[in-house]
Every structure is written in structure tokens, then in C-alpha cells.
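Structure at a glance
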Amino acid sequence: MRTVVLRRCLGLAPAPAPLPAPAPAVLPPSRGFCGRQAGGGAAAAAAAARKITENAKKSLASLKRENPRLEPTLAIIQAHNDHSIQEINNNFAKEVGLRVIHICLPEGSSKDEIVNEIVRLNEDPNVQGLALDLPESLYSSKVLNAVKPEKDVDGLSDVNLGRLVRGDAYDCLVPPAVSAVMELLEDLGGKTVLLVGAGGAVGAALQCLLQREGAATVSCRWKAPQLRTKLHQADVVVVGSRKPDDVPVSWIKPGTTIVSCSHDSLSEKHNYGQQNNHTAENAVGSLAIAMRMQNMVKNTERWIQSQQYRKWDLRCLKLQPLSPVPSDIEISRAQRPKAVDVLAKEIGLLTDEIEIYGQTKAKVRLSLLERLKDQPDGKYVLVAGITPTPLGEGKSTVTIGLVQALTAHLNINSFACLRQPSQGPTFGVKGGAAGGGYAQVIPMEEFNLHLTGDIHAITAANNLLAAAIDARILHENTQSDKALYNRLVPVVNGVRGFSAIQLARLRRLGINKTDPGTLTEEEISKFARLDIDPSTITWQRVVDTNDRFLRKITVGQAKTEKGFVRQAQFDIAVASEIMAILALTTSLQDMKERLGRMVVANDKKGEPVTAEDLGVTGALAVLMKDAIKPTLMQTLEGTPVFVHAGPFANIAHGNSSVLADKIALKLVGEKGFVVTEAGFGADIGMEKFFNIKCRASGLVPSVVVLVATVRALKMHGGGPNVTAGAPLKKEYTEENLQLVADGCCNLQKQIQITQLFGVPVVVALNVFKTDSPAEVDLVCEIAKQSGAFDAVPCNHWSAGGKGAVKLAQAVEKAASQKNSFKYLYNLELPIVEKIRIIAQKVYGAQDIELSPAAQSQVDRYTRQGFGSLPICMAKTHLSLSHQPERKGVPTGFILPISEVRASIGAGFIYPLVGTMSTMPGLPTRPCFYDIDLDSVTEQVKGLF
């Protein structure tokens, strides 16, 4: 009888003569063996499979109750024609509640083809587990290790095996076949277990677990000369591959327990859920499938935990500040940044949430917001400043120094959110915007030059829309209604149909038809003609260069344009409404809607013409699909930074993106800090941050950090002009307490502006080496007397985060104060009244004066229904007034409004104060004189 059992279990040929009958083996009721009681063992194994399946089903049901939208998916790659395995997997998965997708590759597929499919599934965020059902010859190290360890349901990768060997029970999954074998065996202490034909990951895992159970393990190949001896000595034989025909039964001693875990054993059909008399080999196969499903449920639980907020495990970079402080680019280049994927992992980003650009930059996908939607936000800090000199007062430097202090020195999670710098200032006067000294974003040359191409995407989208406007006017001027309609709705492959965006336009026009052949002549004309009034076009072309000769141009002079000539202009790229939309949008869908709402002109009846009317919305969204994702970089001390969007604060709203802030607020956790910067003085960038950005985002700031310098205060106190590129006068390099005291009026005014919004303010005095201790003390004292929560001198430029620790501590304390945030004005007020409130309460003007053109524009926007939008003032940043030369706190002036534009997609009305230009010019000696490239090392020189 034993001979029959062995034949059934190992596929042996009939033995020439029966073996002597041994004493009956006593089998435990809960285990299945391949021996005398094979039928009973198979039944016990089937019962074990049912129990494991039921437990897995309960565990998954519990996970689904806690995560109602959970649909765990197991992908199985199959490269053979035996579909019985597919049936078994489907039956078990259905019972447990798992979704299974089978990828059936042709029999004979190569390892490279298998790996390609594995790589695709690795990157599929909808697949939580990946298993392989392949011919024995394809189970190579290359194939097994191609599976991501976090998706390795079969536990066969080297990473998983290493965890198993180390005893990391939580982090590893036991291969299902190995689990099945261990389930079938017990009381192994002191027994000899022979593994025959069981190599690779399965063999290693078996040896590890068997030895932990006290068994002595021996491994052997089928062709080994000592196989007969080892088979005779073994108490248990585990078969890992098909037995050759030339191995007779007589080599196995009577009473030996034999279990097969070969891949072939999984191909037997199994009538799930019914007790049967299959051999233990078949029982192992079914049990292994049950174990696979159990592993998938465990993997799903781990996947859910990986989706939740994780505590940061940030390794900060050490700084060794030098004195004197080297140039910014020398400091940047001396620090070796972490690989951006390492940084991303440290702050809790998942591998499928980043798109890596080189070694030090990565785009972060917006899917993170959905994953962490239940995670409480951190504290929200805005860095603003007093009215600056043309040199700037170091808001970006303070922002970076503050987060370096919070995270690298106080062990508090923090994120800096900065704007992407325009290449106009980088090659013009101001230079880069990565911070400075030992408080920088690195690598600074990558930060300042191109980054990930967002501004180029904005330029392309903006100019595509500009081209569409002029082309549409030309085509309407030179074609009949019928010809225009036929070209707008052509016959393609014998079929004529409207595009989706054309159908949307028909609905807006009240034409509820979908068949192009059914429109009346009147409807055709109404649909095909936008009738743009060229004199009302407000959409300009842009370029990311300071080019004063593009401030006024003429377009359409070529003969091919048939006499359609008009005056136009170029703006700098960051002044584009698309840049403002990028900074204010909250999702991809929101961005598409905003792009479609952009008003580019009026028609001849005075009605607005939008990008949606021109049919270009979808194309613009395609150009912007990558730009909408914030770019992850790092500071000199290895703390995270988001760089995203870059609108100027004097001619736009001057803040980095809402999306970067929202993502960062989730990542830092409830006790962390997100520090973002508003351009120029508090009267410019901060006012727009509160009244425009906070309305768009719904976020409430916790603290304002107001940056001041002794240099700027001396200028406001009556010091000589400060000119970029010229040496500072002695008033700025020698102690002068009177100038400082007189200039603190500007600081006091900016504190008062902050208090209008009900947010605590901490003054950060950015200390220069020429500042005397008495000057520093005087500023801090006046600031605190003027209502600042605290005023702190900062030395982060020369010392890194260590020099801003006191500032970080003050910010942490201020953030715990009561916050009574409020907007400055009600949106329902008339446009002119909202402008007046800003002029009087923020700038200190006596009143406003609108030009006739501005008043006409206000009337038109009000009539068109845009009167309830917030206001984005375009005003010089060099004075609280409209006159750059008036320093300190000007009073009694009338603020002139020369023009009023509307950025409907961005969502604000855009008054121009005085002669504000939207295209900067180059100075006599631009920064580009100092910028060069080493042709040998390819290193950039001269950036600052």
C-alpha cells in the first residue's frame, strides 16, 4: 500500500516488487502527510486551506470596513497554457474578496519579456500585489528580483528572503509553498529533513524555517551520487522539483513523510471548498494558493499603512561654515546634496508619488493629497518684509534659515515653499533667488536655471493662446460663414462631428444640437464667429527675459497676414495669467476650468471672449500637465523645499503655489511648520497672500515673519539712495542710530499692516556684518514696542540654521497664540471701493484717482459679472506709495490708477498703479557679465 502512496505522491513508476509493510504511521489529525494515511492527510490539508482562507477573508473584510474604497488587486503573470492555476487562484481570491488580474503571456516568453511586464505592474498604483506563475526555467534571480519587494506576494525576491533570514517577521512574507510545507509538518525537533531539488529562494526559505523548528536539514540534487543514502537516512523528504524516472521507490525508507512543493504541484485542478482524497502533493498546491491569498491580505494591510502619514526619518546634512563667508555658488557646490529619492522617502513620500529629474530634483504628484486627506495640517508661516532696497532684504534667505533651524537644530518637521525664479532677474540685476550664504536651496544653479521647465511650459501655453487669437481674427476676416464652419468642423474619414470643446461652446450659446448638419445659418454664424474686437485684446505674448524693446511691438506686418496689423506687447513670462493660475489652482480639474475662463478680449458687442471660446483649453492643460506638480529640492542642511510657481509681487500676486503649500502642510504633520514667502514688502506680497491666496486655498496662516535689515531702515530714515551694483555709502557701513530710529517708521507701518489681518508677527532682523550691536538692539526694541510678538536678530547667512534657532523658537511660540485672522475687505464691495480700502489702509494714501480708461474698464468688468473678484494691485515695490523715490511712510498722496485689467481665470481684478511696466529692462551692466560655463567641468560660474 505504501508503494501506491509513494507512486501517487511522487509520480513513481510501478515498483518491481512490494516493500515489506511497516508498522502503521500515526498521523496527527490536523496535519496531512504523504504516507500511509495520504487521503486523511490531504483532507486535513484541505481543512487547513479552508481555515486560512476564512481568516484571510475576515481580515480583509475588516480592512474594507475601515477603508470603504479599498479594492486590493493581485496581478499574476502567467507564461504557460495551463489555465487550471488561473482557475484555482480566481476561486480562492473570490472567496477571500480580492480582485485578481491575470496577465497571460505566450508560452515560450523570454525572461526580458517577463521582466518588462513586471516593471509595468510595479509602477501601477492600482496593483498592490504581484505574483508569478511561470515555467521552472524562468524562475531566475533576474526575474524574481525585478518584482518590487513591497509587491512581492510570493516572497521570492532577495530583499524579502534577506528579511526572512534575519527574522524580520513583520517586514517579510514567507513564500506560499514554504508556508504550506510548514503547515503540513510538525514535531520536527531532532528530525532529519532532506530537501531534494529545492533550490533558490524556496529552498533557502525552507532551510531557514525548518532549522528554526529544530530540524537538521540536508539539501541534495536529484542527480547527486549520495542521493540514495540521504533518502534512506531522512525522516522527512521535501521535494522541490519533478522526480526523475530513474529514482526508484526502494531508496526511500518505510514510514518516511514526503511532501512536494514543486511548481508542478500547483497545476492540479482543485475543487475548492470540498473535502477530497487528493494526495498531499495536491493538498500542498491548494494550501499554497490559500497561503498566497493570505500573503496578499497581509500585503494589503502593509500597503494601507504605507499610505498613511509616516513620521519623518530625516538625515540632516552637516554644515561647516567658513569665515569669511565664500560666494553663494562656492557654498552650494561644497555641500553634497542627498539623492532626491532618498529625501523623498525620508519625508514620507511613496515611490509612485515622485517623478525624478536628475539627482537632486523631483516632481511630486498631486495624488498625495488624496492619500493624506485625513492628515491634520501643520502650522502655516508666511515670510514677508519691510519696503526693500533694490538689493533685497533677504526674505528667501530668512525662509531657508528658519526651516534649517526648525528641522536640523530643533528636530521639528518643516518645509520651505518658494517661488521659482524668473531668468529675467537672474541675468538682469537681482541675480538668483535660492537664498544666500549658508541658508540656500541646493544645487543653486539648478534652482535658478530652468529647474524642471515650468516657466517654459507657461511660455508655450501663453503664446499658443496668443497665436490662436490672431489666427482666429485673420480667418474670420477672410472667410464666409460657411467656409469658416466647414473648416472648424471638417469631414474626417467620411464623418463630420463636433469636438468635445465645440459641443461645450454650443451649449453655452444655447444651441442644443450635436449633429453638425442640423445647424441653421444663423446658428452656424453664431457658432463659427467670435467677432473679436482687436482693440480690446488684453492677452499678450511673453518671454522669460528682461527685454525693454518688446514693451511695444507691431504684429501682422507680413504680406501673408493680409493687412491685419495691430500694436501689441510682450510681458515677462512670470506676469502671464497662466503663471497666476498655476500658483492659485487647487487641482488639475480646477486648473483646466481656470484656463478655460481666461478672458482674452471682448467681442464687438462688448461680451468677453475666453480661451474656452477659442477651443484651446485642453491644449493649454496638456502643456501644463507637468508644471502643476511642485518640484522637491533641499536646503544646505538637507531639509525639504518645494519650488513651485513664480509670479512677481509688484505685477502679479507674488506667492508660491497653493498646491505646494497644501502638500507640504500634510507632509510635515500636525506639529510641523510650512514656511512660505511673499514677494517684496508686506504691503505688496503679504496683502495679496491674505486677500487672494488664502481665499483660493482656504488656508489660515499661523504667524507672519517680517524681515527687516538695518540697511533698509537707514534708507527709510533718510539715507542716500541704494543702487544695485554700486558700493554702499558710509551711512550704511558705519553706525548711525538716528538714521535707524527714523527709518523704523516703515517697520512700524508694516507691523500695523500685518495686524490688520489679525495674525501674530515676529520680526526677523537679517544681520549684516556692518551692523553694530546697538543698531540691532534698537531695531528689536522698537519692533516689540510697536506690537510685534517678538523681534530676533538672525545670523543664518553666516551660520546656517544655527544662526536662526532663536527665530525658530519665537515662531514656534507665536504659532501657539490665539489667531484672529480676517480678510481686509468684503468681496461683494464694488471694485473701486476695494481698491480704495487697499490704498488707504495698506499704502496710507489719502484717496485714489482712476483714469477715464480705468473707470471704463471697471464699469465693463462690473457689467460682465466680475465685480466680486479680489484685487491684485500692480504697484512699485520700492515705496508704500506709487512713487519709488518716496521712502519711509508717505502720507497725503493720491494713488493714480491708470488701467484696470481682469485675470478672470486666476480670479482677480488687476489695477495698474501709475506707469507700472510688465516687462523689465536690462541695466547698463547686467548680471550676465559675470556668468560663465567651464567647458571642461561644465560647472556654472558667476551665479549669485
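Below: a short report on this structure. Because the structure is a prediction, the values reported are computed rather than measured.

**Side note on the pattern of salt bridges**
- According to the stated counting rule, one finds 41 salt bridges in the structure shown.
- The residue Arg529 makes a salt bridge to Asp481 at a minimum N-O spacing of 2.4 Å. On the criterion of sequence distance, the pair formed by Arg529 in the loop between helix 20 (521-528) and strand 16 (541-543) and Asp481 in helix 18 (residues 481-488) is long-range, its members being 48 residues apart.
- Residue classification places Arg529 among the buried residues on the basis of a relative accessible area of 17%.
- For Asp481, a relative accessible area of 26% gives the class partly exposed.
- Between Arg594 and Asp590 there is a salt bridge, with its nearest N and O atoms 2.9 Å apart.

**A word on empty space enclosed by the protein**
- Evaluation of the coordinates by the stated rule reveals eight cavities of 30 Å³ or more.
- Here the largest cavity defines a volume of roughly 250 Å³.
- If you go around the largest cavity, you meet 20 residues; those closest to its centre are Thr538, Ala575, Glu577, Ser903 and Tyr910.
- Put simply, the parts of the chain that give the lining of the largest cavity at least two residues each are helix 21 (577-584), strand 29 (894-903) and strand 30 (908-913).
- Grouping the constituent residues of the lining of the largest cavity by class yields eleven nonpolar, six polar and three charged.

**As for the packing of aromatic side chains**
- Following the criterion strictly, the structure yields eleven aromatic pairs and no others.
- On the basis of an interplanar angle of 70° and a centroid distance of 5.5 Å, the ring pair of Phe498 and Phe527 is categorised as edge-to-face. On the criterion of sequence distance, the pair formed by Phe498 in the loop between strand 15 (495-496) and helix 19 (500-508) and Phe527 in helix 20 is long-range, its members being 29 residues apart. Comparing Phe498 with Phe527, the two get one shared label, buried.

**Things to note about the environment of Pro793**
- Note on placement: Pro793 falls in strand 27 (residues 790-794).
- With 474 residues separating them in the primary sequence, Pro793 and Leu319 have C-alpha atoms 20 Å apart.
- Non-local contacts of Pro793, meaning those with residues more than four positions away in its chain, are made with Leu765, Val767, Val776, Cys780 and Gly803.

**Some details on the pairing of strand 7 (residues 257-260)**
- Both faces of strand 7 are covered, namely the face carrying Thr257 and Val259 and the face carrying Ile258 and Ser260.
- Judged from the four bridges that link them, strand 6 (residues 236-239) and strand 7 form a sheet pairing that is parallel. In the sheet register, Val237 faces strand 7, and the bridge partner there is Ile258.

**Quick notes on a nonpolar patch on the surface**
- On the surface, Leu922, Phe928 and Tyr929 cluster together into a nonpolar patch covering about 290 Å² of accessible area.
- When you line up the elements, Tyr929 lands in the loop between strand 30 and strand 31 (932-933).
- Exposure remark for Tyr929: the relative accessible area of 53% places this residue in the exposed category.

**With respect to unusual backbone geometry**
- For the bond running from Ser323 to Pro324, omega is 0°, close enough to zero to count as cis.
- Along the polypeptide, Pro324 turns up in the loop between helix 10 (280-307) and helix 11 (328-334).
- For Phe680, which is not a glycine, the phi torsion comes out positive at approximately 55°.
- Tracing the sequence through the fold places Phe680 in the loop between strand 24 (673-677) and helix 25 (682-697).
- Notably, Glu938 is not glycine yet its phi reads approximately 65°, a positive angle.
- One can find Glu938 in the loop between strand 31 and strand 32 (940-941).
- A relative accessible area of 63% means that Glu938 is categorised as exposed.

**A look at the packing of helix 7 (residues 176-184) against helix 8 (residues 200-212)**
- At a minimum axis distance of 9 Å, the contact between helix 7 and helix 8 shows a crossing angle of 35°. As helix 7 packs across helix 8, the resulting crossing turns out to be right-handed. Listed contacts from helix 8 to Val178, Val181 and Met182 of helix 7 are Val202, Ala205, Leu206, Leu209 and Leu210.
- A per-class count over the contact of helix 7 with helix 8 returns eight nonpolar, no polar and no charged.

How each quantity is defined
Residues numbered from 1 in each chain as written. Predicted model: local features only at pLDDT ≥ 70, side-chain atom pairs only at ≥ 80, totals over all residues. Heavy atoms only, no water. Salt bridge = Lys/Arg side-chain N within 4 Å of Asp/Glu carboxyl O. Helix = DSSP H or I, 4+ residues; strand = E, 2+ residues; numbered from the N terminus. Buried < 20%, exposed > 50% of the residue type's maximum accessible area, 1.4 Å probe, protein only. 1 Å grid on protein atoms, 1.4 Å probe; cavity = no way out; pocket = protein on both sides within 12 Å on 5 of 7 lines; lining within 4 Å. Points joined across faces, edges and corners; volume = space filled by probe spheres on them. Nonpolar A, V, L, I, M, F, W, Y, C, P; charged D, E, K, R; others polar. Phe/Tyr/Trp six-rings, centres within 6.5 Å; stacked < 30°, edge-to-face > 60°. Contact = heavy atoms within 4.5 Å. Pairing = 2+ DSSP bridges. Patch = residues over 30% accessible without salt bridge, like charges linked within 9 Å, V, L, I, M, F, W, Y side chains within 5 Å. Areas by Shrake-Rupley, 256 points an atom, 1.4 Å probe, with all protein chains shown as cover. Axes fitted to C-alpha atoms, helices over the stretch in contact; angles between N-to-C directions. Left-handed = near helix turned anticlockwise from the far one by under 90°.

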